[in-house]
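Okay, here's what each chain looks like letter by letter:
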Amino acid sequence: MSSSGAPDTVHHAGQAARPAAVSASHPHDRRDPWLRVDPEEVTTPPFAGQPGHGSTAFLRNQPARIADGRIQGGYTGVYELICPSCGDHPYLDYSEIPPRLQQLRGPSTLKAALAAYHQHLGLAEDCS
């Protein structure tokens, strides 16, 4: 029993027991209260180009091809900027990502890729 004297579970003929909190005041509201988020608690990550954006972003040598998440055929000699915060995934081939991510990804020379990386993350622009 709970502190209010109500049973902890509610039994109905032919139905499984459910916690009283689910069936008490709002019998049709079965959402987990721990998963609810108040609008005041919602924060958004910094946008691209702002300091703090894309802490998981990285540069890599562009693979010749990716099939089933594996690199095949070596590398092309140019570099790509991968930013999971923007929705990119390193296991996807360049041809499998949307155009906005293709534009971000590159390919670029190492110098251009480093400049794009610094700009994307809002870091100091001078990377000479």
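Conventions used here
Residues numbered from 1 in each chain as written. Predicted model: local features only at pLDDT ≥ 70, side-chain atom pairs only at ≥ 80, totals over all residues. Heavy atoms only, no water. Helix = DSSP H or I, 4+ residues; strand = E, 2+ residues; numbered from the N terminus. Buried < 20%, exposed > 50% of the residue type's maximum accessible area, 1.4 Å probe, protein only. Areas by Shrake-Rupley, 256 points an atom, 1.4 Å probe, with all protein chains shown as cover. Contact = heavy atoms within 4.5 Å. Salt bridge = Lys/Arg side-chain N within 4 Å of Asp/Glu carboxyl O. Expected span 1.5 Å × (residues − 1). Arc of directions from axis to C-beta.

Draft legend 1. Looking closely at the overall build of the protein chain. Secondary structure assignment for the protein chain yields 3 helices and 4 strands. Order of helices (α) and strands (β) in the protein chain, N terminus to C terminus: β-β-α-β-β-α-α. Here the protein chain holds 128 residues, and the buried ones make up 20% of them. Of the roughly 9400 Å² that the protein chain leaves accessible, carbon and sulfur atoms contribute 56%.

Draft legend 2. Representation of the environment of Gln102. If you trace the backbone, Gln102 turns up in helix H2 (residues 99-105). C-alpha of Gln102 to C-alpha of Leu81: the two residues are 21 residues apart in sequence and 9.4 Å apart in space. Setting aside anything within four residues of it in sequence, one finds Gln102 in contact with Tyr94, Ser95 and Ile97.

Draft legend 3. Examining the pattern of salt bridges more closely. According to the stated counting rule, one finds 3 salt bridges in the structure shown. Of the charged contacts in the structure, one is a salt bridge between Arg60 and Glu80, with a shortest N-O distance of 2.9 Å. Of the two residues, Arg60 is situated in strand S3 (residues 58-67) and Glu80 in strand S4 (residues 70-82); the sequence distance between them amounts to 20 residues. Notably, a salt bridge pairs Arg105 with Asp88, separated by 2.7 Å at the nearest N-O pair. Of the two residues, Arg105 sits in helix H2 while Asp88 sits in the loop between S4 and H2, which places them 17 residues apart along the sequence. Through salt bridges with shared partners, a single ionic network connects Arg60, Glu80, Asp88 and Arg105.

Draft legend 4. Quick peek at the side chain of Asp93. Within the secondary structure, Asp93 is located in the loop between S4 and H2. When neighbours within four sequence positions are excluded, Asp93 is seen to be in contact with Arg65, Ile66 and Arg105.

Draft legend 5. Representation of helix H3 (residues 110-121). Here H3 spans 16 Å end to end across 12 residues, near enough to the 16 Å set by a 1.5 Å rise per residue. Within the span of H3, buried status applies to Ala113, His118, His120 and Leu121. Buried residues of H3, seen end-on, are gathered within an arc of 165° and therefore sit on one face of the element. Residues of H3 that are exposed and angled more than 90 degrees away from the buried face: Lys111 and Gln119. Where H3 is buried, its residues contact S3, S4 and H2.

Read these as layout, nothing more, since geometry by itself doesn't imply function.
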